[in-house]
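Residue-level listing of the chains:
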Amino acid sequence: MIIKCPYCGPRDVIEFIYQGDATRTRPEPASDDRAAWNAYVYDRTNPSGSHSEYWLHSGGCRQHLLVTRDVSTHAISSVVFARDAAVSAKSGELA
Amino acid sequence: MTSSRLSKGGRIDRSKSVRFTFDGKAYSGHPGDTLASALLANGITLFGRSFKYHRPRGVFAAGSDEPNALVTVFTGDVREPNVRTTELEIYDGLVTQSQNRFPSLEHDWMAVNQLAGPLFSAGFYYKTFMGPAIGPLRGTRFWMFCEKFIRRAAGLGKAGTAADPDRYERMNAFCDVLVVGSGPAGLIAAEAAATTGARVIIAEERPVAGGSLLASGELIDGRNPAVWAREKAAALANMPNVRFLTRTSVWGYYDGNVLTAVEHVSDYKPNRTKGQPRQRHWVVRTGRTVLATGAFERPIVFPGNDCPGVMLADAVRRFAIEYGVAAGNNVTLFTNNDSAYDAARALSQAGVNVTAIIDVRSDVSGTCRDIASVAGAELLLAHAVTGTHAGKTLSSITVQHFNAETGRVSGAPREIKTDCLGVSGGWSPAIHLASQAGGKPDWDEDLQAFLPPEPNQNWVTTGSAAGYMDTISVLSDAATKGSAKSRLVLPHVEAPMLDASPAPVFEIEPSIKSQKAFVDFQHDVTADDIRLAYREGFHSVEHLKRYTTLGMATDQGKTSNVPGLAIMADVRGITIPQAGTTRFRPPFTPVSLGAIAGERYGDLRPHRLTPMHDWHLANSARTYEAGLWHRPMIYGSHGETVEQAYTREARAVRQSVGIVDVSTLGKIDIQGPDAAEFLDRIYTNMFSTLPVGKARYGLMLREDGIAFDDGTTWRLAETQFLMTTTTANAGTVMQHLEFFSDCIWPDLRVHLTSVTDVWAGSAISGPKSRAVLEACVIGTKVDNVALPFMGIVHGKIDGIPVMICRLSFSGELAYEVYCGAGFGTKVWEALLAAGNPFDIMPYGLEALGTLRIEKGHVTGAEIDGRTTAHDLHLDWMLSKKKPYIGSAMIGREGLKDENRLSLVGLISMDNQSITGGSHIVTDPVPREPADSFGHVTAACYSPALGKYIALALVKHGTSMIGNRAFATDLLRDKHCPVEIVSHHMFDPEGSRMHG
């Protein structure tokens, strides 16, 4: 599998560390909603098809990437910096 | 079967001879021969014994699809089993041996297995090794005992035990177009791509290019097609943008158009060139792949079809044309399609006698009839082979009338003398790589074969791999597949009009069965095994495959897959595409582990050494590995045991002063306006309140509330912190921080840098440590006012800038002195010199551990991924003023349960050592199983207490203090009475470190 790192270019998957499901939302830090925290920490769906996930380019720029990958074909449809995605998600919340 | 060398023909060099041995006997062949062709030329037709029944087997195919003729190759003490004789090029001094026979190939005792045939049917192992359910042997290990012998009787070659002395190497390659195969399709596709300027790699598994052209009776531009192929290949290889790899088998197709291949660089040479690897492993990343992998001829299944002398029709042809070998004196052919006629034509042109062609079809074209008559072969239409007669090799076949529509055999059997029967059951495109790439193959009714799936990556198939079975359409397809912009002028092909579409006949099943009909030769799976599997409920192809092991041998069912599916579809009364097919997996052909490993064997871990490593070694340190780091365990002196050494070192620290290398601690530089806020969220305790120039002990949890790591973090400036982590967790903590910085809190302005290797650290501990610093540090005071507990100062030692923090892991007055890594030894030695008047003692990890166990300080042994802050009595570090990672989950019932294990100390009551990992039990007698209510995490002899002590995690820990129990270690045969005490075993008030 080759991941096209937005900073380093196309690189082999051995340079990356899988960092988990990127679809879950972390509850507000002060939240005491136990169910929401349980869902965030433990609950994972196992969809066939498109999935968004975090990958750390540990052997390259050390940026976390938000990768959209079809888990049944391994076809990667988009790779962006996780930081950028998180920033735009936050600004979306505010707006 | 009496095979022999023809007087002419073949691409062998008849002017030279090559000597080799097979089963201890010397033979000779010519350069260009494979072991199979050379043995056939010497009249050898018995090559090995079969997997389960030890039946005599000969060569069946002529290439990588060979299921039977496997040998073990010996090079000195090294043996390589299961090498296909049809691919093994002979060289002077080659030593080979047949397989799965005892005591010899000719006389094999295990051939009695044939008589026990029904015992070894499908699912044999599953049925047998369940063991007897009733009777005297029930529940005994009797069957496991028998299994050893039964398993020995079955199998292929034995793996060697000698170390492989050969060298292998790995190559990464990049190209625009990778062409797999260099038959007519591969050559033209490569040329089409290369002439557009693309970077092209062509991989050919055989020693020469040409594929089907090498044994073709056609003419290309009026010339011998093998010569045309050779010249085309040479012209391509000369192009600067083309790399032509021969003897290179592409064996795997992975995501992202990554393909793997093995190149046989020198293992076919008698004297390997110095410096050349035996094999080279290629990982090719390509923009586009052209799969021109050709097609495999498949057999028709009929009774007695496995004796030496029964071969694929195309193999008989290839031995004659490519190697100048007649596989028999009187060759007969058995077919359901036209391609056997092309073989007949080529064979008779080469001077091989074809006596009869048996065709299941009731009518054939005029071209076919003409070929039969020119070849002088009797044409038996609407007939089928229903049996063979063979001792160790074929002597005659039985043929009977056959109706291809009904599949019924009728009429009187007729015996035809023949020593070689060439069978053609149609052609299966070699879709292995395409299937690996992920698509589901499509069934083609016309070809009665699976065609490659729709591409799901950037690849195409061409030539016979794509279902084009005649050279003219192969060439025109290949030109467009090679490049859409191709303007190649295609050569003129002269070929007879033949139709490779077979009649849908896969098995001849006479009503009376006297002989086994084999489907998978390499795993000895018969047509009846498939029917048995069906009767026993294994209907899906996936179950069929696993239950019968059909197609699971080293040849991965190249010849057996489609006939096996056809038989299953037939018993189920469905079509072959309804039955479906299994997915092919890498490798396409077996790959040696050496080639995959390349030069990556032995200890591959990086070795991390601290800046003072050489000093430690020069001063008789015994080191051990902690993660990747090499760290001093003890500094040995004459004849001391490890325990004596660490006791001496730890005592010196408590009495005067010691020094230890702490450079391995993880160090992360955290900077930015929001660095303090970031740390408040990461750590359970507060860091924003930490003044500049002070350090604080911090604890971090995982999201689920379990303790993760601890360490001190120093505030060097308003916006700059230096975090230290445990040695083992340095990488994981960095990753953890990066994840939260990148993905969760991108709004925090903070930057993280790993600086573990930037700093060298020396910790000096003991009542005299301050005096040591006073003697060597300039530029700062180090007294209790200038440098209080957890304070930080900057100064110089021996001219080197240092940063000193007063903190203690040992419980003594202690300091950590950091300097630039390059000056580590200089500062270390300066500290030693300053400590000389106080008999400063370097100490290793054992003493470090002893000091912390005495104090009850936790490390990774206690922060083990299961314990909470509460379990470790670190509740005081959990801030109630702010949320932090894990704070939301820490209050869960299960994490507050009274039954949880918590940290205590243990003191040995019988003055015997306690071993790490011992379980805590109440039973005074060691027994198994016992109820354990805790375990020992770390143990040592304590010089401060004069006792053997330990830390342990114990159920109801705190309320157990004062009780007695036993630390039991059945593995080391220890059962030690212990008293449970507080984990603060030494100086619980901490007066020494604050002093």
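Being a predicted model, the structure only gives us computed values, none of them experimental.

Moving on, we get to the environment of Ser216 of chain B. Residue and element names in this part refer to chain B. Mapped onto the elements of the fold, Ser216 is located in the loop between strand S10 (200-203) and strand S11 (219-220). The class for Ser216 is buried, based on a relative accessible area of 15%. The residues contacting Ser216, other than those within four sequence positions of it, are Pro225 and Arg317. Here the side chain of Ser216 touches Glu218 through a polar contact of 2.9 Å, landing on its backbone nitrogen.

Here the UniProt-annotated "domain: FAD/NAD(P)-binding" (unreviewed entry) positions come out as residues 176-439 of chain B. Taken end to end, residues 176-439 of chain B has its terminal C-alpha atoms 22 Å apart, with 24% of it in helix and 38% in strand.

The side chains of a regular strand alternate, first on one face of the sheet and then on the other. All names here are of chain B. Summarising burial for strand S20 (residues 354-359): five of the six residues are buried, a large majority. Pairing geometry for strand S19 (residues 331-335) and S20, over five bridges, is parallel. Counterpart to Thr335 in the pairing with S20 is Asp359. Taken together, S19, helix H7 (residues 339-350) and S20 constitute a β-α-β crossover, and its handedness is right-handed. Relative to strand S21 (residues 378-381), S20 is paired through four bridges, and the arrangement is parallel. Note on S21: the bridge partner recorded for Ile358 is Leu380. Between the parallel elements S20 and S21, the chain passes through helix H8 (residues 366-375) in a crossover that is right-handed.

What follows deals with the UniProt feature "domain: Aminomethyltransferase C-terminal" (unreviewed entry) in chain B. Within this structure's numbering, the places UniProt gives as "domain: Aminomethyltransferase C-terminal" (unreviewed entry) are residues 903-987 of chain B. Helix makes up 5% of residues 903-987 of chain B and strand 48%, whereas the separation of the span's terminal C-alpha atoms amounts to 17 Å.

The next point concerns the side chain of Asp969 of chain B. All names here are of chain B. Structurally, Asp969 is set in strand S51 (residues 964-969). According to the relative accessible area criterion, Asp969 is buried, its value standing at 5%. Here Arg972 takes part through its side chain, which lies 2.5 Å from a polar atom of the side chain of Asp969. Residue contacts for Asp969: discarding those within four places in its chain leaves Thr915, Gly916, Ser918 and Lys974.

All names here are of chain B. The buried fraction of helix H4 (residues 184-194) is high, at eleven of eleven residues. All of the buried residues along H4 are Pro184, Ala185, Gly186, Leu187, Ile188, Ala189, Ala190, Glu191, Ala192, Ala193 and Ala194. Contacts made by the buried residues of H4 are with strand S9 (168-180), S10, helix H5 (225-237), strand S12 (242-245), strand S15 (279-291) and helix H10 (471-482).

To continue, consider the interface of chain A and chain B. Counting from both sides, the interface comprises 28 residues of chain A and, opposite them, 24 residues of chain B. Carbon and sulfur atoms supply 52% of the area buried between chain A and chain B, which totals about 2,400 Å² over both sides. Its largest share of buried area at the contact with chain B, chain A owes to Arg26, Arg34 and Arg83 of chain A, together 24% of the area lost on that side. One can count four salt bridges joining chain A with chain B.

On to the sheet that holds strand S24 (residues 408-417) of chain B. All names here are of chain B. If you trace the three strands from one edge of the open sheet to the other, you get S22-S23-S24, paired in antiparallel fashion. Two strands in the sheet have a free side with no partner beyond their single neighbour: strand S22 (383-390) and S24. Across this sheet, the average inter-strand angle for adjacent strands is 25 degrees, counted without regard to direction. Here strand S23 (residues 394-403) runs beside S24; their pairing, made up of seven bridges, is antiparallel. Bridging from a neighbouring strand, Ser396 pairs with Lys417 of S24.

This brings us to the nonpolar core. Residues and elements named next belong to chain B. Counting residues in hydrophobic clusters, the biggest one holds 79 residues, and the most contacted among them are Phe319, Phe334, Leu421 and Ile508. With sequence-adjacent residues up to four places away left out, Ile508 is seen in contact with Ile300, Val301, Phe302, Pro303, Phe334, Val360, Ala384, Val385, Thr386, Phe402 and Val409. Residues Val660, Leu699, Leu872 and Leu878 belong to the second largest nonpolar core, which totals 49 residues.

Scanning all chains against the criterion turns up 23 aromatic pairs over all chains. With centroids separated by 5.4 Å and ring planes inclined at 85 degrees, the aromatic side chains of Tyr54 of chain A and Phe739 of chain B adopt a geometry described as edge-to-face. Taken together, the positions of Tyr54 of chain A in strand S4 (residues 50-56) and Phe739 of chain B in helix H19 (residues 730-744) put the pair across two chains. Of the residues examined, Phe739 of chain B reaches a relative accessible area of 9% and is grouped as buried. Taken together, a centroid distance of 5.0 Å and an interplanar angle of 35 degrees make the contact between Phe740 of chain B and Trp745 of chain B tilted.

This part covers the packing of helix H11 (residues 527-535) of chain B against helix H12 (residues 541-548) of chain B. Residue and element names in this part refer to chain B. Closest axis-to-axis distance for the H11/H12 pair is 10 Å, and the angle between their directions is 120 degrees. By the angle between their axes, H11 is oblique relative to H12. H11 and H12 meet at a crossing whose hand is right-handed. Across from Asp529, Ile530 and Ala533 in H11, the residues of H12 making contact are Leu544, Tyr547 and Thr548. Residues of the contact of H11 with H12, tallied by class, amount to four nonpolar, one polar and one charged.

About the cut-offs
Residues numbered from 1 in each chain as written. Chains lettered and ligands numbered in written order. Predicted model: local features only at pLDDT ≥ 70, side-chain atom pairs only at ≥ 80, totals over all residues. Heavy atoms only, no water. Helix = DSSP H or I, 4+ residues; strand = E, 2+ residues; numbered from the N terminus. Buried < 20%, exposed > 50% of the residue type's maximum accessible area, 1.4 Å probe, protein only. Contact = heavy atoms within 4.5 Å. Polar contact = N/O pair within 3.5 Å; in protein donor to acceptor, adjacent residues only side chain to side chain. UniProt positions renumbered as here; feature names shortened; annotations may be inferred. Pairing = 2+ DSSP bridges. Right-handed = clockwise from strand over helix to strand, strands pointing away. Buried area = accessible area lost by both parts, 1.4 Å probe. Salt bridge = Lys/Arg side-chain N within 4 Å of Asp/Glu carboxyl O. Axes fitted to C-alpha atoms, helices over the stretch in contact; angles between N-to-C directions. Core = buried A, V, L, I, M, F, W, Y, C linked by side-chain atoms within 4.5 Å. Phe/Tyr/Trp six-rings, centres within 6.5 Å; stacked < 30°, edge-to-face > 60°. Parallel < 35°, antiparallel > 145°, perpendicular 65-115°, else oblique. Left-handed = near helix turned anticlockwise from the far one by under 90°. Nonpolar A, V, L, I, M, F, W, Y, C, P; charged D, E, K, R; others polar.

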